[in-house]
Amino acid sequence: MNNIYGVVLAAGQGTRMKSSLPKVLHKVCGKELLSHVIDCMNSAAKMDKLVVVVGNGSELVIKHLEQYKNAEYVFQEKRLGSAHALMQAEKSFKNLNGHLIVMCGDTPLVKAETLKALLKQHIKKGNSATVLSGTIENPFGYGRIVRNSEGKFTEIVEEKSASSEQKQINEINSGIYCFDLKTLWKALKKVNNKNSKKEYYLTDVISILNNGGYKTDAAALAEEQDILGINDRVQLAEADMIMRAEINVAHMQNGVTIVDPATTYIDKDVVIGQDTIIKPNTHIEGKTNIGKNCVIGPDTTITDCKIEDDVVITYSCVESSQAKKNVKIGPYSHIRPDTILKENVKVGNFSEVKKSVVGDDSKVNHLSYIGDANVGKKVNIGAGTITCNYDGRNKFKTVINDEVFVGSNVNLVAPVTIGKKVLIAAGSTITDDVLPNKLTIARARQITKVRKNK
Ligand code: UD1
Ligand code: CA
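Summarised in this report is the structure supplied together with it. Being a predicted model, the structure only gives us computed values, none of them experimental.

1. Here's the deal with the packing of helix 1 (residues 33-44) against helix 2 (residues 58-65)
Their axes nearest at 11 Å, the elements helix 1 and helix 2 cross at an angle of 40°. If you check the angle between helix 1 and helix 2, you find them oblique. In the packing of helix 1 onto helix 2, the handedness of the crossing is right-handed. Here helix 1 contributes Leu34, Ser35 and Ile38 to the contact with helix 2, which in turn contributes Val61, His64 and Leu65. Across the contact of helix 1 with helix 2, the residue classes tally to four nonpolar, two polar and no charged.

2. Comments concerning the side chain of Gln235
Tracing the sequence through the fold places Gln235 in helix 7 (residues 233-253). Taking the relative accessible area as the measure of exposure, Gln235 reaches 17% and is therefore buried. The residues contacting Gln235, other than those within four sequence positions of it, are Leu228, Gly229 and Ile230.

3. What to know about the sheet that holds strand 17 (residues 289-290)
Taken in spatial order, the nine strands of this open sheet run 14-17-20-23-26-29-32-35-38, and their pairing is parallel. The open sheet has two edge strands, strand 14 (271-272) and strand 38 (416-418), and neither has a second partner. Where strand 20 (residues 306-307) lies against strand 23 (residues 322-323), two bridges are found, and the strand directions are parallel. Along strand 23, the bridge assignment pairs Lys306 with Gln322.

4. Some words on the coordination of the calcium ion (ligand 2)
For the calcium ion (ligand 2), the protein coordination sphere consists of Asp106 (OD) and Asn231 (OD1), at 2.5 to 2.7 Å. One end of the pair, Asp106, is in the loop between strand 6 (99-104) and helix 4 (112-125); the other, Asn231, is in the loop between strand 11 (216-219) and helix 7, with 125 residues separating them in the sequence. Classification of Asp106 as buried rests on a relative accessible area of 13%.

5. Observations concerning the site of ligand 1
Close to ligand 1 lie 24 residues; Leu9, Gln76, Ser82, Glu158 and Asn173 are nearest. The side chain of Asp106 places a nitrogen or oxygen atom 3.4 Å from an oxygen atom of ligand 1. One nitrogen or oxygen atom from the main chain of Asn173 is found 2.6 Å from an oxygen atom belonging to ligand 1. Protein contacts shield 91% of the accessible area of ligand 1, which totals 750 Å² for the unbound molecule. Put simply, ligand 1 lies in the largest pocket. Secondary-structure elements contributing two or more residues to the shell around ligand 1 are strand 1 (4-10), helix 3 (82-87) and strand 10 (171-180). Considering every element that reaches the shell around ligand 1, the biggest residue donor is strand 10, with three residues.

6. Considering the nonpolar core
Judged by nonpolar contacts, the single largest core of 90 residues is most densely connected at Val8, Leu34, Val52, Ile101, Met103, Leu115 and Ile418. Split by domain, the residues of this core number at least three in each of domain 1 (4-227) and domain 2 (233-440). Dropping the residues within four chain positions of it, Ile418 is found in contact with Val399, Ile400, Asn401, Val404, Leu412, Ile424, Ile430 and Val434. Within the second largest apolar cluster, 32 residues are counted, among which are Val102, Tyr177, Phe179 and Val191.

7. So, the pattern of salt bridges
A full pass over the atoms with the stated rule returns 20 salt bridges. Here Asp106 and Lys23 are joined by a salt bridge, their closest N and O atoms 2.8 Å apart. With Asp106 in the loop between strand 6 and helix 4 and Lys23 in the loop between strand 1 and strand 2 (27-28), this pair connects stretches of sequence that are 83 residues apart. An identical accessibility class is assigned to Asp106 and Lys23; each is buried. Salt bridges sharing common partners tie together Lys31, Asp39, Asp269 and Lys287.

Quick notes on the rules
Residues numbered from 1 in each chain as written. Chains lettered and ligands numbered in written order. Predicted model: local features only at pLDDT ≥ 70, side-chain atom pairs only at ≥ 80, totals over all residues. Heavy atoms only, no water. Axes fitted to C-alpha atoms, helices over the stretch in contact; angles between N-to-C directions. Helix = DSSP H or I, 4+ residues; strand = E, 2+ residues; numbered from the N terminus. Parallel < 35°, antiparallel > 145°, perpendicular 65-115°, else oblique. Left-handed = near helix turned anticlockwise from the far one by under 90°. Contact = heavy atoms within 4.5 Å. Nonpolar A, V, L, I, M, F, W, Y, C, P; charged D, E, K, R; others polar. Buried < 20%, exposed > 50% of the residue type's maximum accessible area, 1.4 Å probe, protein only. Pairing = 2+ DSSP bridges. Donors = N, O, S within 2.8 Å, 3.2 Å for Na, K, Ca; no water. Near = heavy atom within 4 Å. Polar contact = N/O pair within 3.5 Å; in protein donor to acceptor, adjacent residues only side chain to side chain. Areas by Shrake-Rupley, 256 points an atom, 1.4 Å probe, with all protein chains shown as cover. 1 Å grid on protein atoms, 1.4 Å probe; cavity = no way out; pocket = protein on both sides within 12 Å on 5 of 7 lines; lining within 4 Å. Sits in = over half its atoms within 2 Å of the grid points. Core = buried A, V, L, I, M, F, W, Y, C linked by side-chain atoms within 4.5 Å. Domains from an automatic or database assignment. Salt bridge = Lys/Arg side-chain N within 4 Å of Asp/Glu carboxyl O.

Here is the structure:
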């Protein structure tokens, strides 16, 4: 399909959110409302152009749009209503023919398949406008789809303008539309603001087109929970719950075991391999990718990580890091950003690793802090080892070469380099580099004296 364009209306105040953050940048399952909408549009059709109407909090919204190659923005200076918002986009479509999908920036649950089906029906029927509608139990607050006695779609009536009879209608406007580009701009110019909110309602375009003899349709293709519009934080939480359940189901259908879906929080863009088991109270966030046969959780948070196959992570926090095959993390470990744990590494109880590489088969099993370090292969880091990487102003590097054995309770005062196969005696504070194959001790010798005044 060619000549498919998109507009997202995202300039509204979002007053009911009571937030300093623009509404469309609030998140559902770890992703901004606006991103859900843009991703949905981009996967429904090849968008030749995607225009976002910005206004409230525009600086942040514009910045957010930088990641989308096909997205541009227009600014709506005064928020005079959804029709007025769409009009601002007219200049972006000068001399263009084709079909325009319009979505509100606050409907994150719509599925790409639904949008695809809407577009298909719109083109097949040769409509000037096709509205995505759905039947919902409590239609309060939504525009109602009004049909005549023959069932023909005649207009959309907003809650505030609806008669008590119209308020009984359960078929509602999802805020998602397909338009024929050319007729749209003409119809939009005829919209007025003679209503209780003194706003230019996009929904008025329907009766205008119908009166002009153009074909319109309301396609009831949406499930109730797909078209939830987010206007406040109660609906935000509701959307999160719905999407979370859908995400969990999709992973389970792909061969992931989720022991307790009710307490498993997986963000939208997370990838998980087959036969991985996710235990309760686990959060997997951002752009995390987890391999096959892993065991994750319970009580674990993983954010923006690349976890390979056969990894076990228990009661731990892992951020922006990589764990290669067969790594074991936890219980109670904190892996901070820019860490790479290579194959078979073990990071155990109450250990923290930050911005470090730990080589194959090395162990940081108990109560250690490894920061800004390069740890080689088959290194044993004894219990209570600390890299002293910070002097209050700058960070310094610790290099520990292959097969080093670090005894318990060692301080490594960086910058410092420990040669291959060195043995560091327990309790040492190491301030100087150590050449390979040495034994080094840096602690006061024990003196035992006679005890007086027993
Ligand atoms: C709108 C629809 C309603 C539909 C509902 C679905 C209108 C008049 N009503 O109502 O029929 O059932 O969505 O969720 O469109 N916006 C601007 N600039 C403005 C005003 C709004 O960009 O000046 C944007 C908002 O950011 C939002 C969208 O338009 O994304 C809809 O506005 P909103 O105020 O949320 O309309 P609803 O009352 O939810
Ligand atoms: Ca809305």
